[in-house]
There are 2 protein chains.
Amino acid sequence: MSAGEQRGRKPRADVQRNRAALLETAQRHFLQHGVGTSLEAVAKEAGVGPGTLYRHFPTREALLAAVLQTRSEELVARQADIDQLDDPAEALEQWLRAMEEYFSAFSGLPDPLMAAARAQEPDNPLTIPCDILISATDQYVRAAQLAGRVRASVRGNDLFLAACSVAWIKGTGTEEESLDRLRMLIASGYRQQDTRA
Amino acid sequence: MSAGEQRGRKPRADVQRNRAALLETAQRHFLQHGVGTSLEAVAKEAGVGPGTLYRHFPTREALLAAVLQTRSEELVARQADIDQLDDPAEALEQWLRAMEEYFSAFSGLPDPLMAAARAQEPDNPLTIPCDILISATDQYVRAAQLAGRVRASVRGNDLFLAACSVAWIKGTGTEEESLDRLRMLIASGYRQQDTRA
DNA sequence: CATCAAAACGGATGCTGCCTCCGTACACAC
DNA sequence: GTGTGTACGGAGGCAGCATCCGTTTTGATG
């Protein structure tokens, strides 16, 4: 019985090769043309037929989620660094920045991401990552609240939405200066003002 | 010389009829299916061919801008009410709410709107409305700042972006409760805290 | 009322992208 | 070398965009 080794029986070679080629090409196209890029073009450039692409990734979201996996790991890595920080307010701030950059990896990414965040459908491959991000944000928020650096009324979800918004605006081509001003506005919104007179 | 009456010579009847039908139908479709709705379907339901639609409105944005014209007038009407208010902070708040509702008239509207806001192309029919909104916002901001109710660092453009963001998130189907929390966050960001101890 | 020219119509058309289905070819096991 | 099941890939059907041009409608004119 070969049940113990690898489930089923055999991981084929060309499958992995094609999958890798697709992911690599897809990432490039997402970067250059946004999440709405032509999947046919991706398949062609990866040297496979459309059918192969759709067998590996049945929907655009599935492909997107797979490509995002890599970035997601980078985010987790950054999280480790952030957790080392002493100042919980600083940690929250850096975490928000990291999320924002993650969200704006590709132009147009925030839309499917938000769609996934609200969706109940458990088959949406983007839903799970979103949930993780929201609860992680909540962690940082609570820590900063315990230190009295963030308003008590703020929730992780609120700042998740805010980060998403900034990423969305960034994706529309707004100048960096306006973005910075918006970030400041949001920061003023969640920071606990010094209660001393 | 008929130059004085109407410029050129004659406004044809069917033109106005078709234009009106197109606008009416387009508004319905934008409401039901968002700004990405099929223009072919709009044409067919309005009882005209695709060619006619494209002659009247060469681009999707042109059609959108024309439909928005109506809403735009409602906004101006509300502006008149708002200007009557004594409290400039209250006026700003209501203005932001009015803008937000305007932006979320159709799902997907914020995207082309932001694209227009940054664009230099003067042929984009949405660009002009955006400029007007931004400077109007700036007016309200300045008034509230003079009354000491809004941080000095805030600009009209910042709150324009914020309103756009909220409208965008609203369009993604987020629950009203989360939206309210986000609005609060933003409000905390621009309001001037009472400087008394 | 008849006629005319300009203006507007509208659908046929070509194109791109999505997604599926199925005959074929390949990879691995024996 | 042979067989079997898995994966391939491209042809094809569909929908939407945008254009072009022969035909119809409209208002002006005598």
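This structure is a prediction, so every number in the text was calculated from the model and none was measured.

Thresholds, definitions, all that
- Residues numbered from 1 in each chain as written.
- Chains lettered and ligands numbered in written order.
- Predicted model: local features only at pLDDT ≥ 70, side-chain atom pairs only at ≥ 80, totals over all residues.
- Heavy atoms only, no water.
- Helix = DSSP H or I, 4+ residues; strand = E, 2+ residues; numbered from the N terminus.
- Buried < 20%, exposed > 50% of the residue type's maximum accessible area, 1.4 Å probe, protein only.
- Contact = heavy atoms within 4.5 Å.
- Areas by Shrake-Rupley, 256 points an atom, 1.4 Å probe, with all protein chains shown as cover.
- Salt bridge = Lys/Arg side-chain N within 4 Å of Asp/Glu carboxyl O.
- Phe/Tyr/Trp six-rings, centres within 6.5 Å; stacked < 30°, edge-to-face > 60°.
- Axes fitted to C-alpha atoms, helices over the stretch in contact; angles between N-to-C directions.
- Parallel < 35°, antiparallel > 145°, perpendicular 65-115°, else oblique.
- Nonpolar A, V, L, I, M, F, W, Y, C, P; charged D, E, K, R; others polar.
- Least-squares fit on C-alpha atoms with pLDDT ≥ 70 in both.
- Buried area = accessible area lost by both parts, 1.4 Å probe.
- Polar contact = N/O pair within 3.5 Å; in protein donor to acceptor, adjacent residues only side chain to side chain.

1. So, the overall build of chain A
Within chain A one finds 9 helices and 0 strands. Of the regular secondary structure in chain A, the N- to C-terminal order runs α-α-α-α-α-α-α-α-α. Reported as C-alpha extents along the three principal axes, the dimensions of chain A are approximately 70 × 45 × 30 Å. Per-residue burial for chain A yields a buried fraction of 43% across its 197 residues. Partitioning the intrachain contacts of chain A with sequence separation of at least 6 by distance along the chain shows that 64% fall at a separation of at least 24. For chain A, the exposed area adds up to about 10,800 Å²; of that, 49% sits on carbon and sulfur atoms.

2. Considering the pattern of salt bridges
Residues and elements named next belong to chain A. Enumeration over the complete set of coordinates arrives at 24 salt bridges over all chains. In this structure, Arg183 engages Glu100 in a salt bridge whose closest nitrogen and oxygen atoms are separated by 2.8 Å. On the criterion of sequence distance, the pair formed by Arg183 in helix 9 (residues 176-190) and Glu100 in helix 5 (residues 88-103) is long-range, its members being 83 residues apart. Among the residues examined, Arg183 registers a relative accessible area of 12% and is labelled buried. Among the ionic pairs, Asp138 bridges to Arg142, the shortest N-O distance being 2.5 Å. Taken together, the residues span about one helical turn, with Asp138 and Arg142 both in helix 7 (residues 127-146) at a distance of 4 residues. With a relative accessible area of 18%, Asp138 lands in the buried category. Members of the salt-bridge network, linked through shared partners, are Glu100, Lys170, Glu176, Asp180 and Arg183.

3. Some details on the packing of aromatic side chains
Overall, the coordinates contain 9 aromatic pairs over all chains when judged by the stated rule. On the numbers, 5.1 Å between centres and 5 degrees between planes, the contact of Trp168(A) with Trp168(B) is stacked. Of the two residues, Trp168(A) is situated in helix 8 (residues 156-171) and Trp168(B) in helix 8 (residues 156-171); the pairing between them involves two chains. With respect to burial, Trp168(A) and Trp168(B) carry one shared label: buried.

4. A short note on the packing of helix 9 of chain A against helix 8 of chain B
The interhelical angle for the contact between helix 9 of chain A and helix 8 of chain B, taken along N-to-C directions, is 75 degrees, at an axis separation of 9 Å. Taken together, the axes of helix 9 of chain A and helix 8 of chain B lie roughly perpendicular to each other. Only Asn157(B), Asp158(B), Leu159(B), Leu161(B), Ala162(B) and Ser165(B) of helix 8 of chain B make contact with helix 9 of chain A, whose side of the interface consists of Ser178(A), Arg181(A), Leu182(A) and Leu185(A). In terms of residue class, the contact of helix 9 of chain A with helix 8 of chain B is built from 5 nonpolar, 3 polar and 2 charged.

5. Considering the relation of the copies chain B and chain A
Each copy superposes on the other: chain B lies on chain A with an RMSD of 0.0 Å after a rotation of 180 degrees and an axial shift of 0.0 Å. Put plainly, the chains are arranged around a two-fold axis. Taken together, the interface assignments show that 100% of the residues at the interface of chain B recur at the interface of chain A, consistent with an identical surface on both copies.

6. Regarding the interface of chain B and chain A
At the interface, 29 residues of chain B touch 29 residues of chain A. Interface area for chain B against chain A, summed over the two sides, is near 2,500 Å², with a carbon-plus-sulfur share of 64%. Looking at the side of chain B facing chain A, the largest losses of area belong to Trp168(B), Arg181(B) and Leu185(B), adding up to 27% of the total buried there. Where chain B packs against chain A, one counts 2 salt bridges. Between Asp158(A) and Arg181(B) there is a salt bridge, with the nearest N and O atoms lying 3.1 Å from each other. Summed over the shared surface of chain B and chain A, the result is 9 residue pairs in polar contact (both at pLDDT 80 or more). Elements that contribute at least two residues to the side of chain B that touches chain A include exactly helix 6 (110-118), helix 8 and helix 9 (176-190) of chain B. The element that contributes the greatest number of residues to the side of chain B that touches chain A is helix 8 of chain B, accounting for 9 residues. In terms of residue class, the side of chain B that touches chain A is made up of 14 nonpolar, 9 polar and 6 charged.

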